[in-house]
Amino acid sequence: MRLGLHHNAVLWSVRRSALLVLAFVLLAMAHPAMADIALKDVTGREVRLARPASRLLIDDGRFLIALSLIHPDPVSVLAAWPRDINRIGKRTFDAYKAKFPAIDSLAKVASSAGSLSVEQVVAARPDLAVFSLGSQPSDEERARIEAAGIPVVVIDFFTHPLANLEPSLRLLGAATGRQAQAEDFLAFRRARIDAVRAKVEGLTDSERPRVFLEPHAAMTADCCNSPGRGNVGDIIEAVGGTNIGAAVIPRAFGKLNLEYVIAQDPQVYIATGGSHMEGTGGLLIGPEYSLERARETLARVVARPGFGGLAAVRDKRVHGLSHQMLNSPLDLFTVEILAKWIHPERFAGLDVGRTVEEVNARFLAVPVEGPNWIDLD
């Protein structure tokens, strides 16, 4: 009899423990803040958070745009940013500041284009530091940051955007408890990009126009900036073009000399610019400018010596693109507009403006304003 009672007591204890474990699991699922969050960055490193991050440090202002795709108040989850307004555009920054005034109270840290300061990072007291792939901390710097109790992750919207953007935005979603929102946008983006890829699948080399995309065109007197193997060069190849920089620039970004550009005789020319080009001979484009002003400055860019004889200029296939459309999840717009410019017949029915409208309505906390692309003719 006593043995039976003991057996029942043990059985009840086991069942109660199982029920308690199940209840905790269900509670953690219902309340993500109680769940352990595993993050794997684009370098393959893994970090774990006890709860969603509410104080992110970012080293690129375009990460703010990424957060705005998945969070209704992206500024509320930031502790520090580089205040690199040139990367998002002055008008865009003003729109964020008007909607989220707290952006002015965020700590400032070095951008990915500057020199990392471990002291700045630690002083900002973030619960997660997010760095760009091309400027991630050294092993020694990472150790010092982590010794202060700050986990470090690396994401990439610049070096290989088509490969690394999905895991990067997915990491931001998981880190901030916005996984569902990140997956929703990524599914939308993937469907649009897959539709473009399908239309250029199987093209031969002769069917791929030679494309010269000149970032920050005419910012300085020397010629010419160009993507290499990576960056927007990956997008040019994905939409059925041949990036003339890929053959001679082994990195994501570099320079071409004018003689090489002339010898390649590109069939499509695309300049990038924006409000950061004020005071230069470059392209002024974006919500700060009218279409007429953008077109006028694009004409000035291709009036430089050596450009008039290019096939792209002769055949009136000269275009301008806001640099703010690159190196962020908004490169979806770049994929579509480049597809139209490089293969106008295949993509005659593609309405990039409709894509922008849908992203503005469904995802972005602060809508994109234009003009962000222009044809010279």
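Note that this is a predicted model, so its numbers are computed, not measured.

Undergrad: Teacher, can you tell me more about the overall build of the chain here?
TA: Within the chain, the secondary structure is distributed over 13 helices and 14 strands. Counting only C-alpha atoms and orienting by the principal axes, one finds that the chain spans roughly 100 × 45 × 40 Å. Taken across its 377 residues, the chain has 51% of its residues classed as buried. Here the contacts in the chain between residues at least 6 apart in sequence split such that 66% fall between residues at least 24 apart. When the accessible surface of the chain is summed, it comes to about 16900 Å², and 55% of that surface belongs to carbon and sulfur atoms. Counting 42 positive and 43 negative side-chain charges, the chain places the averaged centre of each group 5 Å from the other.

Undergrad: What is the right way to look at helix H13 (residues 352-362) in this model?
TA: Residue pairs three or four apart in sequence face the same way in an α-helix, which turns once every 3.6 residues. Looking only at H13, the buried set comprises Val352, Thr355, Val356, Val359 and Asn360. Projection of H13 onto a plane perpendicular to its axis shows the buried side chains occupying an angular sector of 135°, all on one side. Every exposed residue of H13 that faces more than 90 degrees away from the buried side is listed here: Arg354 and Ala361. On its buried face, H13 is in contact with helix H7 (179-200), helix H12 (331-342) and strand E14 (373-375). Sitting at the amino-terminal end of H13 is Asp351, which places a side-chain oxygen 3.0 Å from the backbone nitrogen of Gly353.

Undergrad: Can you walk me through the pattern of salt bridges in this structure?
TA: Side chains that carry opposite charge are capable of pairing whenever their charged atoms lie near each other. Here the structure, examined in full by the defined rule, presents 22 salt bridges. Here Asp331 makes a salt bridge to Arg189, at a shortest N to O gap of 3.2 Å. Placement of Asp331 in helix H12 and of Arg189 in helix H7 is noted, with a sequence separation of 142 residues between them. Judged by its relative accessible area of 3%, Arg189 falls in the buried class. Salt bridges here are not isolated pairs; linked through shared partners, they connect Asp60, Arg62, Asp84 and Arg87.

Undergrad: I tried to follow the pairing of strand E8 (residues 210-214) on my own but got confused; where do I start?
TA: Remark: a regular strand shows side chains that alternate across the two faces of the sheet. Within E8, four of the five residues are buried, which leaves the element mostly enclosed by the surrounding structure. Bridging between E8 and strand E10 (residues 242-243) involves two bridges; their strand directions are parallel. What sits directly across from Arg210, in E10, is Thr242. Taken together, the four bridges between E8 and strand E12 (residues 268-273) define a ladder with parallel strand orientation. From the neighbouring strand, Val211 faces E12, where its bridge partner is Val268.

Undergrad: Teacher, can you tell me more about unusual backbone geometry here?
TA: One can expect most non-glycine residues to show negative phi and most peptide bonds to be in trans. Of note, the amide linkage connecting Cys223 to Cys224 takes the cis form, showing an omega dihedral of 5°. Residue position: Cys224 is located in the loop between E8 and strand E9 (225-227). With an omega dihedral of 10°, the bond running from Gly370 to Pro371 counts as a cis peptide bond. Examined against the element boundaries, Pro371 turns out to sit in the loop between H13 and E14. Unlike most non-glycine residues, Asp265 shows phi in positive territory, near 45°. Looking at the secondary structure, you find Asp265 in the loop between helix H9 (258-264) and E12. On the accessibility criterion, Asp265 (21% relative accessible area) is partly exposed.

Undergrad: Would you mind showing me how to read the sheet that holds E14 here?
TA: In a beta sheet, neighbouring strands are held together by backbone hydrogen bonds and run either parallel or antiparallel to one another. With respect to topology, five strands assemble into an open sheet ordered E10-E8-E12-E13-E14, the strand pairing being mixed. Strands at the two margins of the open sheet, each flanked by one partner only, are E10 and E14. Helix-sheet contacts for helix H10 (residues 291-301) involve E12, strand E13 (318-322) and E14, and the interaxial angle to E14 is about 65°. Here H12 sits on the sheet in contact with E8, E12, E13 and E14, set at roughly 175° to E13.

Undergrad: Please explain the UniProt feature "domain: Fe/B12 periplasmic-binding" (unreviewed entry) in the chain as it appears in this structure.
TA: Mapped onto this numbering, the UniProt entry annotates "domain: Fe/B12 periplasmic-binding" (unreviewed entry) at residues 63-350. Helix makes up 38% of residues 63-350 and strand 14%, and the two end C-alpha atoms of the span are 28 Å apart.

Undergrad: Can you walk me through empty space enclosed by the protein in this structure?
TA: Think of a ball as big as a water molecule: rolled over the atoms, this probe shows where empty space is left. Counted by the stated rule, this structure contains two cavities of 30 Å³ or more. The volume enclosed by the largest cavity comes to roughly 250 Å³. Every residue lining the largest cavity is counted, 26 residues in all, and those nearest its centre are Ile88, Thr92, Gln324, Met325 and Val368. Every element with two or more residues in the lining of the largest cavity is listed here: helix H2 (62-68) and helix H3 (90-99). In terms of residues, the lining of the largest cavity owes the most to one element, H3, which gives four residues.

Quick notes on the rules
- Residues numbered from 1 in each chain as written.
- Predicted model: local features only at pLDDT ≥ 70, side-chain atom pairs only at ≥ 80, totals over all residues.
- Heavy atoms only, no water.
- Helix = DSSP H or I, 4+ residues; strand = E, 2+ residues; numbered from the N terminus.
- Buried < 20%, exposed > 50% of the residue type's maximum accessible area, 1.4 Å probe, protein only.
- Contact = heavy atoms within 4.5 Å.
- Areas by Shrake-Rupley, 256 points an atom, 1.4 Å probe, with all protein chains shown as cover.
- Lys, Arg positive; Asp, Glu negative; His and termini not counted.
- Charge placed at Lys NZ, Arg CZ, Asp CG, Glu CD.
- Arc of directions from axis to C-beta.
- Polar contact = N/O pair within 3.5 Å; in protein donor to acceptor, adjacent residues only side chain to side chain.
- Salt bridge = Lys/Arg side-chain N within 4 Å of Asp/Glu carboxyl O.
- Pairing = 2+ DSSP bridges.
- Axes fitted to C-alpha atoms, helices over the stretch in contact; angles between N-to-C directions.
- UniProt positions renumbered as here; feature names shortened; annotations may be inferred.
- 1 Å grid on protein atoms, 1.4 Å probe; cavity = no way out; pocket = protein on both sides within 12 Å on 5 of 7 lines; lining within 4 Å.
- Points joined across faces, edges and corners; volume = space filled by probe spheres on them.

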